[in-house]
Structure formats: C-alpha cells, structure tokens
Amino acid sequence: FLIDNSPPQIMGLAAVRAGSRLQVRWTAADATSLIQKAEYSLNGGDWRLALPKGAISDSRKHDYELQLDVAPVGEQTIAVRVTDDYDNQAAAQFVVR
C-alpha cells in the first residue's frame, strides 16, 4: 500500500491584469498521487473550484488557467490551493498591483 505525506507542488503561479479581467495561470504536480482538486480565492474571498485545462482531475500534473472579473484598478491577490488523493495540500499566492 502507498503512504503519501508530501503535498503537491504549485509552480509558475502568475496573474496578469487585462482591463477588468485577471488572467491567472499555474501548474500543479504531485510525485506520488493524483491531483484531486484545485481551488482559488480572490482577495480573501470564498474558495472556488478551479478545473484543469483538460476539465478532469485524473493525473499527477495539471495546468490551470482562469479568467476572473476584477476591478480595473487596485491591488488584487489571488491564492490557490491544491489537494492530492491523500488530502495533502499546498497553497500559494500572487499579488497584482
């Protein structure tokens, strides 16, 4: 049986403002387990499910891309968290000024 105590990795988290939209991208990977889910929070709000580009979490590595509506000015903070099949979590954040 498999014991996995290591969290997934979040790589390349970046966000770019395009007018009143925020384009967010990152990659999540886990050396041992499948990625179960990814979530995001904008400016400390509720966590929302983020689907990978293929729309199904069935792999140990996924790319994510979001288009979020935001105010056209002001600082925006995007936080992401990723969970693997063994409930190990990783989190990261990015600030757009």
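Residues numbered from 1 in each chain as written. Predicted model: local features only at pLDDT ≥ 70, side-chain atom pairs only at ≥ 80, totals over all residues. Heavy atoms only, no water.

**Q** Would you mind going over the pairing of strand S6 (residues 76–84) in detail, with residue names and values included?
**A** The buried fraction of S6 amounts to seven of the nine residues, a majority that puts the element mostly inside the structure. Of the pairings in the sheet, the one linking S6 to strand S7 (residues 89–96) comprises eight bridges and is antiparallel in character. In the strand pairing of S7, Ala79 is matched with Gln93. In textbook terms, the turn of a hairpin is the stretch between consecutive antiparallel strands, and for S6 and S7 this stretch comprises four residues, one of which, Asp87, has a positive phi near 65 degrees. (Buried < 20%, exposed > 50% of the residue type's maximum accessible area, 1.4 Å probe, protein only. Helix = DSSP H or I, 4+ residues; strand = E, 2+ residues; numbered from the N terminus. Pairing = 2+ DSSP bridges.)

**Q** Give a detailed account of the nonpolar core, specifying residues and quantitative values.
**A** Ranked by internal contacts, the top residues of the largest apolar core, which has 20 residues, are Val24 and Trp26. For this core, the secondary-structure elements that each account for two or more residues are strand S1 (9–18), strand S2 (21–29), strand S3 (35–42), strand S5 (61–69), S6 and S7. The dominant element in this core, judged by the number of residues it contributes, is S2, at four residues. Setting aside residues no more than four positions away along its own chain, Trp26 makes contact with Ile10, Met11, Gly12, Leu13, Ala38, Ala50, His62, Asp63, Tyr64, Leu66, Val80 and Val82. (Core = buried A, V, L, I, M, F, W, Y, C linked by side-chain atoms within 4.5 Å. Contact = heavy atoms within 4.5 Å.)

**Q** How would you sum up the packing of aromatic side chains? Please name residues and give values.
**A** Counted under the stated rule, the structure contains one aromatic pair. An angle of 10 degrees between the planes, with centres 4.8 Å apart, marks the rings of Trp26 and Tyr64 as stacked. With Trp26 in strand S2 and Tyr64 in strand S5, the pair connects residues that are 38 residues apart, well separated along the chain. Note on accessibility: Trp26 and Tyr64 belong to one class, buried. (Phe/Tyr/Trp six-rings, centres within 6.5 Å; stacked < 30°, edge-to-face > 60°.)

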